[in-house]
Every structure is written in structure tokens, then in C-alpha cells.
Amino acid sequence: MTSMRQSSHATARLGLVLGTVLLGQALAACSLFQGSEQPVWRTATIVDGHFNPDSISLAAGTPATLKVGLVGFMEASIRSPALGIEPTLLPTNQPRENKSHNAGPGNFKMASFPLRPMAAGTYQIICDCGGHEEILTLTVQPGG
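To keep things clear, this report deals only with the structure shown in the data block. Remember, predicted model here, so these are calculated numbers, not experimental data.

About the thresholds
- Numbers given for residues are sequential positions, taken from 1 along each chain in its written order.
- Note on the predicted model: pLDDT of at least 70 is required for a residue's local features to be given, and 80 or more for side-chain atom pairs to be given and counted; whole-chain, interface and lining totals, by contrast, use all residues.
- Side-chain numbers here rest on the full set of heavy atoms in the structure, without hydrogens or water.
- Definition used for salt bridges: Asp or Glu carboxyl oxygen within 4 Å of a side-chain nitrogen of Lys or Arg.
- For helices the rule is a DSSP run of H or I covering at least 4 residues; for strands it is a run of E covering at least 2, with both sets numbered from the N terminus onward.
- Burial classes: relative accessible area under 20% of the type maximum marks a residue as buried, over 50% as exposed, and values in between as partly exposed (1.4 Å probe, protein chains only).
- In this scheme, strands are said to pair when DSSP sees at least two bridges between them.
- In this analysis, axes come from line fits to C-alpha atoms, helices being fitted only over the stretch in contact, and the angle between any two N-to-C directions falls in the range 0 to 180 degrees.

## Observations concerning the pattern of salt bridges
Taken as a whole and assessed by the stated rule, the structure comprises 1 salt bridge. With its nearest N and O atoms 2.9 Å apart, the salt bridge here joins Arg79 to Glu133. With Arg79 in strand E5 (residues 76–80) and Glu133 in strand E10 (residues 132–141), this pair connects stretches of sequence that are 54 residues apart. According to the relative accessible area criterion, Arg79 is partly exposed, its value standing at 26%.

## A few points about the sheet that holds E10
Taken in spatial order, the 5 strands line up as E3-E10-E9-E5-E6 in an open sheet, and their pairing is mixed. Single-partner strands in this sheet number two, and they are strand E3 (55–59) and strand E6 (85–89). Sheet twist, expressed as the average angle between the axes of neighbouring strands with direction ignored, equals 20°. Pairing analysis gives 3 bridges linking E5 to E6, with the strands arranged antiparallel. Following the sheet pairing, Ser77 is matched in E6 by Leu89.

This is how it looks when you write it as C-alpha cells:
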């Protein structure tokens, strides 16, 4: 009788463990699909009045966040009516000695702009860079 009771408890524990494992796998699968909805990041820096890089791309339907920084002491703002970006003055960053100006951790200030998932096409982000306009081209490529 004791042997049957132990076997029954072992079977119940095994069922509990297997149920927990299967639930964990199901939740992991769900998080994989949810992960695809996380925004991707794209960055651009304005150096000497020019976008660097001057074009970026995304897959269609991908939510994204655009981060733009300004190096130098000029005043610059960006806008994009097609993307819903209202004219926004960019924070200024002091020029660096090495001239690479990569956006990265530290004291580099950037403005962030959420981008909704978009259809395939080409969009423009316009910078009023100290009296002249520069264009950052956003290419949204068909998903696949």
C-alpha cells in the first residue's frame, strides 16, 4: 500500500513538473512574438550641418524610435509632417577631438522620436541646420 501511495505522489509531482515546463515553453513562445513588437532604434547625428548617416531604413510594419543628436554650437531643429514629427529644437553637444561623433553612452544628448509602423515607401526628415535644410531619408522596405 505504501508503495502505491509513493508511486501516486511521484506521478502527481511529475505531472506538476511537466505542466510547469510546458507552461514555461508556452510563455516563452508568446514572448518571442511580443518581442517582434518592440521598437528598433535608429540614430543619426548632425555634424557640421549635415546628417550622418544621411539615410536609414526599416522593414515595413516595424515600430521604431529615431534618436537624433547635434554636434556643435549651431541651432538646429528637425521636422517631418509625414511621420508626425513636429518641429523640434535639438540639444547641442560639444564637438569632440576625434571627430567621429558616434552616438553612444555618456553625456551625448539626443532627442527621441517614436515612429509608428509604416507602409513601404520613402519618407523625409528635414533639418533646419543653421539656415539651410538637410534631408535624412527614411526608406521603409517591404517586409518579408
